[in-house]
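Residues per chain, in single letters:
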Amino acid sequence: MAGGGGAPAESRVGQVVLPGDVLLLPAYDEQDTERLPLGTSAAPRGRLLCGPGLRRCAGGLLVTKCGLLRHRRAGDGAAAAGGAYWVDSQQKRYVPVKGDHVIGIVTGKVGDVFRLDVGGSEQASLSYLAFEGATKRNRPNVQVGDLIYGQFLVANKDMEPEMVCIDSSGRASGMGVIGQDGFLFKVSLGLIRKLLAPKCEIIQELSQLYPFELVLGMNGRIWVKAKTVQQTLIIVNILEACEYMTAEQRKQALAKLSGN
Amino acid sequence: MEVAEEAAGCSLRPFSCEQGLLSRPDGSATFVQGDTSVLAGLYGPAEVKGSRESPDGATVEVLLRPKVGLPGVAERSREQLLRRTFEAVLLGSLHPRTSITVVLQVLSDAGSLLACCLNAACMGLLDAGLPLSSLFCGVTCALDPHGDIILDPTARQEQEAHAVLTFAIDSAQRKVLATTTRGSCSAEEAGLPAPRPISGRGGVAAATRAGSGL
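Residues numbered from 1 in each chain as written. Chains lettered and ligands numbered in written order. Predicted model: local features only at pLDDT ≥ 70, side-chain atom pairs only at ≥ 80, totals over all residues. Heavy atoms only, no water.

1. Some details on the UniProt feature "domain: K Homology" (unreviewed entry) in chain A
In step 1: Residues annotated in UniProt with the feature "domain: K Homology" (unreviewed entry) correspond here to residues 182-230 of chain A.
In step 2: Counted over residues 182-230 of chain A, helix gives 39% and strand 31%. Its end C-alpha atoms are 11 Å apart. (UniProt positions renumbered as here; feature names shortened; annotations may be inferred. Helix = DSSP H or I, 4+ residues; strand = E, 2+ residues; numbered from the N terminus.)

2. Things to note about the pairing of strand E3 (residues 36-46) of chain B
Residues and elements named next belong to chain B.
In step 1: Judged by how many residues are buried, E3 sits mostly within the fold: 10 of 11 residues are covered.
In step 2: Bridge analysis of strand E2 (residues 27-33) against E3 gives 7 bridges, and the strand direction is antiparallel. The partner of Gln-33 across the bridge, within E3, is Thr-36.
In step 3: Counted along the chain from E2 to the antiparallel partner E3, the turn is 2 residues long, and its residue Gly-34 has a positive phi close to 65 degrees.
In step 4: Across 8 bridges, E3 lies against strand E5 (residues 99-108) in antiparallel orientation. Of the residues in E5, the one forming a bridge with Ser-37 is Ser-108. (Buried < 20%, exposed > 50% of the residue type's maximum accessible area, 1.4 Å probe, protein only. Pairing = 2+ DSSP bridges.)

3. Side note on the pairing of strand E8 (residues 163-170) of chain B
Residue and element names in this part refer to chain B.
In step 1: Within E8, 8 of the 8 residues are buried, which leaves it mostly tucked inside the rest of the structure.
In step 2: By the alternation rule, side chains of E8 split into Ala-163, Leu-165, Phe-167 and Ile-169 and Val-164, Thr-166, Ala-168 and Asp-170, which are all buried.
In step 3: For strand E6 (residues 136-143) and E8, the ladder comprises 8 bridges, and the chain directions are antiparallel. Within the sheet, the bridge partner assigned to Cys-141 lies in E8 and is Leu-165.

4. So, the interface of chain B and chain A
In step 1: Opposite the 31 residues of chain B that make contact, chain A presents 22 residues.
In step 2: Surface buried jointly by chain B and chain A totals about 2,200 Å² across both partners, of which 54% is contributed by carbon and sulfur atoms.
In step 3: For Asp-26 of chain B, the salt bridge identified is with Arg-93 of chain A, shortest N-O distance 2.9 Å.
In step 4: Here chain B and chain A share 8 residue pairs in polar contact (both at pLDDT 80 or more) between them. (Contact = heavy atoms within 4.5 Å. Buried area = accessible area lost by both parts, 1.4 Å probe. Salt bridge = Lys/Arg side-chain N within 4 Å of Asp/Glu carboxyl O. Polar contact = N/O pair within 3.5 Å; in protein donor to acceptor, adjacent residues only side chain to side chain.)

5. Details of the UniProt feature "domain: Exoribonuclease phosphorolytic" (unreviewed entry) in chain B
In step 1: Summarizing the sequence annotation, UniProt attributes the feature "domain: Exoribonuclease phosphorolytic" (unreviewed entry) to residues 12-131 and 135-178 of chain B in the numbering used throughout.
In step 2: Along residues 12-131 of chain B the backbone is 28% helical and 33% strand, and the end-to-end C-alpha distance reaches 29 Å.

6. Observations concerning the environment of Leu-130 of chain B
In step 1: For Leu-130 of chain B, the position within the fold is in the loop between helix H2 (113-128) and E6.
In step 2: For Leu-130 of chain B, a relative accessible area of 4% corresponds to the buried category.
In step 3: Leave out the neighbours within four places in its chain, and Leu-130 of chain B touches Thr-64 of chain A together with Leu-42, Gly-44, Pro-45, Leu-90, Ile-100 and Leu-125 of chain B.

7. Some points on helix H2 (residues 201-209) of chain A
In step 1: Every buried residue of H2 of chain A is listed here: Ile-202, Glu-205, Leu-206 and Leu-209 of chain A. Along the long axis of H2 of chain A, the arc covered by the buried residues comes to 100 degrees, so they all point the same way. (Arc of directions from axis to C-beta.)

8. Some details on the packing of aromatic side chains
In step 1: Taken as a whole, this structure holds 5 aromatic pairs over all chains when the rule is applied.
In step 2: With 6.3 Å between their ring centres and 45 degrees between their planes, Phe-183 of chain A and Phe-185 of chain A make a pair best called tilted.
In step 3: Note on Phe-183 of chain A: relative accessible area 33%, which makes it partly exposed.
In step 4: With 5.9 Å between their ring centres and 15 degrees between their planes, Phe-15 of chain B and Phe-31 of chain B make a pair best called stacked. Note that Phe-15 of chain B is positioned in strand E1 (residues 15-19) and Phe-31 of chain B in strand E2, a separation of 16 residues in sequence.
In step 5: A relative accessible area of 5% places Phe-31 of chain B in the buried class.
In step 6: When the ring centre of Tyr-128 of chain A is taken as origin, the NZ or CZ atom of Arg-139 of chain A, which lies over that ring, is 4.2 Å away. (Phe/Tyr/Trp six-rings, centres within 6.5 Å; stacked < 30°, edge-to-face > 60°. Lys NZ or Arg CZ within 6 Å of the ring centre and 35° of its normal.)

Set out below in structure tokens:
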């Protein structure tokens, strides 16, 4: 267990970090933080983003979750102090974050507001007007038990999370009530992030097997619908097993299935 | 793992740990020290009932289940000690009005049970992905009638010792988070008071060295 002084942040990128580790940031050169720089000689400093798993502390960043440390450079490579640091960690329990697209289950209607279970510590609220084309006279057809794909408008630790099914320009863009049939199941958050990465191999290989519809919620929930129940269940089993299978094992399993 | 040269008793039993073995809790871990093993299951941050919610931070609840029988007074007092240790390390202010539940099940008890509970809970907190300000470990010391310090004592050594101390030590600054004593011993033997920098003598020092090995 490494305690004591911290190590520079760049040297730990790609390594496992544990809670309690302190990552030192590159020191700002000669600038006295109390005074505003008047001259033009000061190089523009990038803004450093402190992502999930890290907290700002005296002297640098304090790691609060165990995982791999990642870094993304700022837009131009010249600003060495810019960019973002975060910790890639694994967990099963979801904590609502603003802007995340999630699948919620309607648990009740209270007045003009639906209550949704999103898997967090509190239920989220969804106004009936937050659907595309919804007005006071034209209400959306949402029943208790329906699945809703939406995004968080308000999600912080102090307030009840609030969801909407329209984006900032008022269009649905894929959000709303998820149709009939299909199968909803839960996986870990790390697998969802892997599946949502651009050009995910798992999704490409599966789509060559059978055609299917897929909705991925950042709260760990996945909804799948294929032509028959058996195909749906096969896809569900493969997605659940993907968490612990290597790429070769997955290719073998898919080759066996497409051979049948 | 560091082994102190001073006394033959200053070594730990072989220990092992497994994480993520239960499918329902958000985090789980089992910790085995010699023949003592404890299984920890964590749930959180989850919903909390109205009267128990706190607007400042998460409500931590600890349940310690003995191997046989119903939990009694001894379990309750250990639960309080564990709860205060976890609250010192968890960044509860990030999840106000939620509850974090730690369920510890004793699978077998062959000495150093409280230290094993602390270690299992720490590995479970890591598996659950809860925000922590540091890691922590638990170490038990026994002072035998000759005055020697035995670390990680077995049940037999605990019975023969005239004092058994358990320490919870954090990983960032090697400070003592919690301590509990059974029996009587002098302050020098225990290595207290803590504000003095941990020197080479005493139970706390041996426990800290063992803790850094863990």
